[in-house]
Amino acid sequence: MKITICIGSSCHLKGSRQIVEELQRLVAENDLKDQVELAGKFCMGNCQNGVCVTLDEENFSLKPEDTKSFFENEVLKRLK
Amino acid sequence: MNDLWTETGYISLNKTGESLCGDRVEMHGGGDEDLILVLADGLGSGVKANILATLTSKILCTMISGGIPLEECVSTIASTLPVCSVRQVAYSTFTVLHITDNKTAHIIQFDNPATIVLRDGELYDYPKTTSQISGKTIWQSSFPIQKNDVLIAMSDGAEFAGVGMTMNFGWTRDSIADYAVANYLPENSAKSTCGIISDECNRLYGGNPGDDTTIAAVRIRSRHTVNLVVGPPANKEDDTRMMNLFFSKEGTSIVCGGTTSNVVSRYLKKPIVASLDYSDPEVPPISAIEGVDLVTEGVITLSKVLAYAEDFLDAAKLAPNWAVQKDGASLIARELFENATDINFFVGRAINPAHQNPNLPITFAIKQQLIQNLTDCLKRMGKHIRVSYF
């Protein structure tokens, strides 16, 4: 599974670093380093909303505080 | 005209407790033009020394660059300087480093520690002649310059670093020369050469310099061009034209901005490989595209570069963060401030819809202003700048 987080200017200002760090922490905590790959990407062209995150081609728009529920509801569910 | 370029830098440490420095460095020209650098050390310290040094350096710099014979310059100083009421003399020592036609170095010295010349990292013993001008013994030297020559002038505060504290007789000019040789690297900029020596002086003084200490360096290097593209062109049809021009230039290539990177990636038909490595939490991570030397985010990174540039121009700052950090802004700073002599900016005027959100502090006007301020700083560093808009 690959999660791509936008690290462009406006997503950076909207908190992409916090999301990246939170996801890195959650992936390590759940021992999923072999199954989940985190990657950065420049502007995905959907800047008007939250931070652009794609999970296996599907687009999401996250706020830093949504990261945990995104991880639990989307990432963990798909792995099961 | 040859490919050589004269780069200058200096650092002054004030005597402990003094807010004014009694040493003064005045410069004119540089780059691919003739350079005159004058380091003057006024008698005493504080305001009086500062005035003597300022007058001396300014008069010498202006008169020598006007082509006036040295005898006249020195006698002008002798009759202009105010006489010290305590010591009944008008006195300021000086060193003049004069590079002409990118070919010859002329060194004129009066009572400062002898200028150190490094040639390919080794001490170079240049010829000296002495003459008496207005009762002063002046040393004069002329020799042809080569790439990688470094000329280091200093005030006597450097020689006396550590007297009676860490050493009996201070550091002496010869041990400073050995230290400069031991720490020589071909890529050291003029300013970092000054930093290496002045840091050691400061250490020997135990952090409290007992005298004003100034190190000034001239480095003879070859020219190096850096090309930086930021922002996609206003009209999409101009993408290819902008890229053709950008990639046809010789030198290092830097691409700033997410959308801009996408344009480059399409043009080169190579993917963008983004990293998630936040070595500075304030600066977005860098990426890589095969065929480009450095790929970074745009406005946030460049704002940081501008802040570093303003710090760099403030002569008092010693070891900057950007000299060692690995984030995008530090990498750009090193490339622009230290490696580049000529910089071409390719600025796209496209309006990014993402930046039109009123909650985000980026507007197109800010981007323009950013480039303007950055190029102003780089010009003050003596770089040749060209900006093209698309």
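Quantities reported herein were computed from a predicted structural model and do not represent experimental measurements.

Asker: Summarise the packing of helix α1 (residues 46-65) of chain B against helix α2 (residues 70-80) of chain B; cite the residues concerned and give the values.
Answerer: Residue and element names in this part refer to chain B. Between α1 and α2, the shortest axis-to-axis distance is 10 Å and the interhelical angle comes to 150 degrees. Judged on the interaxial angle alone, α2 and α1 are roughly antiparallel. Crossing angle aside, the handedness with which α1 passes α2 is right-handed. For the pair formed by α1 and α2, the contact residues are Thr-56, Ile-59, Leu-60, Met-63 and Ile-64 on the first element and Glu-72, Cys-73, Thr-76, Ile-77 and Thr-80 on the second. Tallied by class, the residues present in the contact of α1 with α2 amount to 6 nonpolar, 3 polar and 1 charged.

Asker: Go over the packing of helix α8 (residues 299-313) of chain B against helix α9 (residues 328-339) of chain B, please, and point to the residues and values.
Answerer: All names here are of chain B. Following both chains from N to C, one finds α8 and α9 inclined at 50 degrees, their axes separated by 9 Å at the closest point. Taken together, the axis directions place α8 and α9 in an arrangement best described as oblique. Of the two elements, α8 crosses α9, and the hand of that crossing is right-handed. Contact with α8, carried on its side by Thr-301, Leu-302, Lys-304, Val-305, Tyr-308, Ala-309 and Phe-312, involves Gly-328, Ala-329, Ser-330, Ile-332, Ala-333 and Phe-337 of α9 and no other residues of that element. Residues that form the contact of α8 with α9 fall into these classes: 9 nonpolar, 3 polar and 1 charged.

Asker: Account for the domain arrangement of chain B, naming residues and giving values.
Answerer: When the parts of a complex come together, some accessible area is lost, and that lost area is often used as the size of the interface. Residue and element names in this part refer to chain B. Parsing chain B into structural domains produces domain 1 (4-222) and domain 2 (225-389). Using C-alpha coordinates to define each centre, domain 1 is positioned 36 Å away from domain 2. Both faces combined, the contact of domain 1 with domain 2 buries some 970 Å², and carbon together with sulfur accounts for 53% of it. It is Trp-5, Lys-191 and Arg-221 that lose the most area in domain 1 upon contact with domain 2, and together they represent 49% of the buried surface on that side.

Asker: So what's going on with the interface of chain B and chain A? Residues and values would help.
Answerer: Across the boundary between the two partners, chain B contributes 28 residues, which contact 20 residues of chain A. For the pair chain B and chain A, the summed buried area comes to about 1,700 Å², and 70% of that belongs to carbon and sulfur atoms. Of all the elements in the fold, those that place two or more residues in the side of chain B that touches chain A are α7 (258-268), β16 (294-296) and α8 of chain B. When residues of the side of chain B that touches chain A are assigned to their parent elements, the largest contribution, 4 residues, is made by α7(B). Among the residues forming the side of chain B that touches chain A, the class breakdown is 16 nonpolar, 10 polar and 2 charged.

Asker: So, the pattern of salt bridges: which residues are in play, and what are the values?
Answerer: Under the defined criterion, the tally for this structure stands at 22 salt bridges over all chains. With a shortest N-O distance of 3.8 Å, B:Asp239 and B:Lys236 are connected by a salt bridge. Classification of B:Lys236 by relative accessible area gives exposed; the value is 56%. The shortest N-O distance in the salt bridge between B:Glu290 and B:Lys270 comes to 3.8 Å. Of this pair, B:Glu290 sits in the loop between β15 (287-288) and β16 while B:Lys270 is found in the loop between α7 and β14 (273-274), placing the two residues 20 residues apart along the sequence. For B:Glu290, a relative accessible area of 57% gives the class exposed. Exposure remark for B:Lys270: the relative accessible area of 30% places this residue in the partly exposed category. One continuous salt-bridge network, built from bridges that share partners, spans A:Glu22, A:Arg25 and A:Glu29.

Asker: Please set out the packing of aromatic side chains residue by residue, giving values where relevant.
Answerer: All names here are of chain B. Summed over all chains, the structure comprises 12 aromatic pairs over all chains. Plain terms: the ring middles of Phe-246 and Phe-247 are 4.9 Å apart, the flat faces sit at 80 degrees to each other, and that makes the pair edge-to-face. The class for Phe-246 is buried, based on a relative accessible area of 2%. The class of Phe-247 is partly exposed, set by a relative accessible area of 25%.

What counts, and where the lines are drawn
Residues numbered from 1 in each chain as written. Chains lettered and ligands numbered in written order. Predicted model: local features only at pLDDT ≥ 70, side-chain atom pairs only at ≥ 80, totals over all residues. Heavy atoms only, no water. Axes fitted to C-alpha atoms, helices over the stretch in contact; angles between N-to-C directions. Helix = DSSP H or I, 4+ residues; strand = E, 2+ residues; numbered from the N terminus. Parallel < 35°, antiparallel > 145°, perpendicular 65-115°, else oblique. Left-handed = near helix turned anticlockwise from the far one by under 90°. Contact = heavy atoms within 4.5 Å. Nonpolar A, V, L, I, M, F, W, Y, C, P; charged D, E, K, R; others polar. Domains from an automatic or database assignment. Buried area = accessible area lost by both parts, 1.4 Å probe. Salt bridge = Lys/Arg side-chain N within 4 Å of Asp/Glu carboxyl O. Buried < 20%, exposed > 50% of the residue type's maximum accessible area, 1.4 Å probe, protein only. Phe/Tyr/Trp six-rings, centres within 6.5 Å; stacked < 30°, edge-to-face > 60°.

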